[in-house]
Amino acid sequence: MRRVLVLGSTGSIGKQTLDVACRLPHRLQIVGLATYRDYKALSNQATSLGVRIVGLIEPPPNASIAGLTLYAGVEGLCAMAQRADVDIVVVALGGAIALQPTLAALEAGKTVALATKEVLVAAGEVVMRTARQYDAPLLPIDSEHSGAFQAMLAGKREQVARLILTASGGPFRTRSLDTFNAITVEEALKHPNWDMGAKITVDSATMMNKGLEVIEAQHLFGLELEQVEVLIHPQSIVHALVEFVDGSVIGQLSLPDMRLPIQYALLYPDRVDIALPRLRLEQVGALSFETPDPARYPCLELAYAAARVGGTMTTVLNAANEVAVRAFLKHQIRFTDIPRLVEQVMAAHAPQPATLENALAADRWAREYLQKSLPTHAL
Ligand code: MG
């Protein structure tokens, strides 16, 4: 029995993690749940699963539930992640706020199943160093990285020549470029293939999501930036392709359903049938691939540029993007302002080496810097 703590249990990945655990009652036991501030949803989950340990980053005043142990704040989530009765920590909180709980889990030698890619973009070197130092397994839940992880088992790590991450291209893959200024929040939230949270759905539309994933892959698999490429694949069936030095390409295919990478990370190296819908290629028909157009997806270029600089520049890329996307979702800025603002913050940043202190300071600086220049009212 593996005892699982879910950080971010009320979000899309968190809910699907609980679904997977409910299908495997003899293999997985949910022992703790945490979220940002949705106290009501959290206590409902705890009641229905019989969980006694809960955490909130921002607990409401006087929050307490009879019979529950409540952990509060980022420090509280760090303490939860280090509990002796936890084997696996699922990190599925939105954004770089998950960095310290992830580090706390790794320092306690826990297995971390990581959905929050922002953690590796904000401080990838620190996270990977910590995982090695404490011999703590770090398994990706991100579908492309889960696919890459699985495909890489076909050879030795040093024999990997190239990793190709696929991207759906989002809802604006074929939209006329001169109408991008008019893109609404509602349009950006309509993803063609995946049902996800609001932030990652907007990131998919700008393709910042794929840029963050390139950086995530670089750290997870110890690859050079030039070895990680992106192809648009509108069907979202092939999640990643690994090319080995001999030219052989191994891919991972499945229907776009996050429960598969979640299950793989939670049960690794085991595989079991939890009755998920099966891929029938004859029903999919054609699989197509194309190179992303930089004019359509400037955020992807910004991510590569930040990764080339390295250090705290990727921290700043991520923090600026988190603030810009939130402002877009609140109708304060246009869709096309997202890359413009991220680029502005990057240009104003003097990058520092990737230590935890530098990353936390750069993250704070970028958020404050951009917040000051945002309009306070909706457009
Ligand atoms: Mg992904």
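The structure displayed is predicted, hence computed values, not measured ones.

Peer 1: How should the pattern of salt bridges be read in this particular structure?
Peer 2: Opposite charge on two side chains makes pairing possible when the charged atoms of those side chains draw close. Overall, the coordinates contain 21 salt bridges when judged by the stated rule. One salt bridge in this structure joins E229 and R162, with 2.8 Å as the shortest N-O distance. One end of the pair, E229, is in strand β9 (residues 228-232); the other, R162, is in strand β8 (residues 160-167), and 67 residues separate them in sequence. Classification of E229 as partly exposed rests on a relative accessible area of 31%. We note a salt bridge from E290 to R173, for which the minimum N-O separation is 3.7 Å. Of this pair, E290 sits in the loop between α11 (281-284) and α12 (298-309) while R173 sits in the loop between β8 and α7 (185-188), and the two are 117 residues apart along the sequence. The network of salt bridges with shared partners includes K117, D142, E144, K210 and E213.

Peer 1: Looking at this structure, how should I read the coordination of the magnesium ion?
Peer 2: Octahedral metal centres with six donors ideally show angles of 90 or 180 degrees, and tetrahedral centres with four donors ideally show 109.5 degrees. Coordination of the magnesium ion by the protein comes from D142 (OD), E144 (OE) and E213 (OE), over a distance range of 2.0 to 2.1 Å. All donor residues of the magnesium ion come from one chain, and their arrangement in sequence is D-x1-E-x68-E. Placement of D142 in the loop between β7 (138-140) and α6 (143-152) and of E213 in helix α9 (residues 208-221) is noted, with a sequence separation of 71 residues between them. For the pair shown, D142 and E213 are each scored as buried.

Peer 1: What is the right way to look at the sheet that holds strand β10 (residues 238-244) in this model?
Peer 2: Adjacent strands of a sheet pair through backbone hydrogen bonds, lying either parallel or antiparallel. Strand order across the open sheet formed by four strands is β9-β8-β10-β11, with mixed pairing between neighbours. If you trace the sheet from one side to the other, it starts and ends with β9 and β11 (249-253), each paired once. For this sheet, the mean angle separating the axes of adjacent strands, direction not counted, is 20 degrees. In terms of strand pairing, β10 meets β11 through five bridges, oriented antiparallel. Within the sheet, the bridge partner assigned to V238 lies in β11 and is L253. Contacting β8 and β9, α9 crosses the sheet at an angle of about 150 degrees to β8.

Peer 1: So what exactly am I meant to see when it comes to the domain arrangement of the protein here?
Peer 2: Think of interface size as the accessible area that goes away when the parts come together; that is how it is often given. Partitioning the protein into domains gives domain 1 (2-140) and domain 2 (145-256 + 288-309). When each unit is reduced to the centre of its C-alpha atoms, the spacing between domain 1 and domain 2 is 26 Å. In this complex, domain 1 contributes 11 residues to the contact, which on the side of domain 2 involves 15 residues. In terms of surface lost to domain 2, no three residues of domain 1 exceed K117, V121 and P140, which account for 50% of the buried area on that side.

Peer 1: Explanation requested: the pairing of strand β2 (residues 28-35) in the structure shown.
Peer 2: If a strand is regular, its side chains alternate between the two faces of the sheet. Burial analysis of β2 places seven of its eight residues in the buried class, which makes it a mostly covered element. As defined by bridge partners, strand β1 (residues 2-7) adjoins β2 across six bridges and the pair is classed as parallel. Residue pairing for β2: V4 is matched across the bridge by I30. Note that the unit made of β1, helix α1 (residues 12-23) and β2 has a crossover that is right-handed. Bridging between β2 and strand β3 (residues 53-56) involves four bridges; their strand directions are parallel. Bridged to G32 within β3 is I53. Following the chain from β2 across helix α2 (residues 39-49) to the adjacent parallel β3, one finds a crossover that is right-handed.

Peer 1: Would you explain empty space enclosed by the protein in this entry?
Peer 2: Picture a little ball the size of a water molecule; that probe, rolled over the atoms, points out where space is still empty. Within this structure, the stated rule accounts for two cavities of 30 Å³ or more. The volume enclosed by the largest cavity comes to roughly 60 Å³. The wall of the largest cavity is formed by S143, S146, Q150, W194, H239, Q252, S254, L255, D257, L260 and P261. Where the lining of the largest cavity is concerned, the elements lending two or more residues are α6 and α10 (259-267). Sorting elements by how many residues they give to the lining of the largest cavity places α6 first, with three residues. The class makeup of the residues in the lining of the largest cavity is four nonpolar, six polar and one charged. Roughly 30 Å³ of volume is contained in the second largest cavity. As for the second largest cavity, its lining consists of L5, V31, G32, I53, M80, R83, D85 and V86. Taken together, the residues of the lining of the second largest cavity break down into five nonpolar, one polar and two charged.

Peer 1: Explanation requested: the nonpolar core in the structure shown.
Peer 2: Within soluble globular proteins, side chains that are nonpolar tend to cluster in buried spots. One finds I141, L163, F221, L266, L317, F335 and I338 to be the most contacted residues of the largest nonpolar core, which totals 127 residues. In terms of residues, this core owes the most to one element, helix α13 (residues 313-329), which gives 10 residues. Residue assignment places this core across two domains, with domain 1 (2-140) and domain 2 (145-256 + 288-309) each supplying three or more. Once you skip the residues sitting within four places of it in the chain, F335 turns out to touch F172, F180, I183, A188, A205, T206 and F328.

Peer 1: Would you take a moment to explain the sheet that holds strand β4 (residues 69-72) for this structure?
Peer 2: Overall, parallel pairing links the seven strands, which are arranged β4-β3-β2-β1-β5-β6-β7 in an open sheet. Sheet topology places β4 and β7 at the edges, where each strand pairs with a single neighbour. Averaged over neighbouring strand pairs, the angle between their axes works out to 25 degrees when direction is ignored. Summarising the sheet, strand β6 (residues 111-114) and β7 pair through three bridges and their orientation is parallel. Bridge assignment links V112 to a residue of β7, and that residue is L138.

Thresholds, definitions, all that
Residues numbered from 1 in each chain as written. Predicted model: local features only at pLDDT ≥ 70, side-chain atom pairs only at ≥ 80, totals over all residues. Heavy atoms only, no water. Salt bridge = Lys/Arg side-chain N within 4 Å of Asp/Glu carboxyl O. Helix = DSSP H or I, 4+ residues; strand = E, 2+ residues; numbered from the N terminus. Buried < 20%, exposed > 50% of the residue type's maximum accessible area, 1.4 Å probe, protein only. Donors = N, O, S within 2.8 Å, 3.2 Å for Na, K, Ca; no water. Pairing = 2+ DSSP bridges. Axes fitted to C-alpha atoms, helices over the stretch in contact; angles between N-to-C directions. Contact = heavy atoms within 4.5 Å. Domains from an automatic or database assignment. Buried area = accessible area lost by both parts, 1.4 Å probe. Right-handed = clockwise from strand over helix to strand, strands pointing away. 1 Å grid on protein atoms, 1.4 Å probe; cavity = no way out; pocket = protein on both sides within 12 Å on 5 of 7 lines; lining within 4 Å. Points joined across faces, edges and corners; volume = space filled by probe spheres on them. Nonpolar A, V, L, I, M, F, W, Y, C, P; charged D, E, K, R; others polar. Core = buried A, V, L, I, M, F, W, Y, C linked by side-chain atoms within 4.5 Å.

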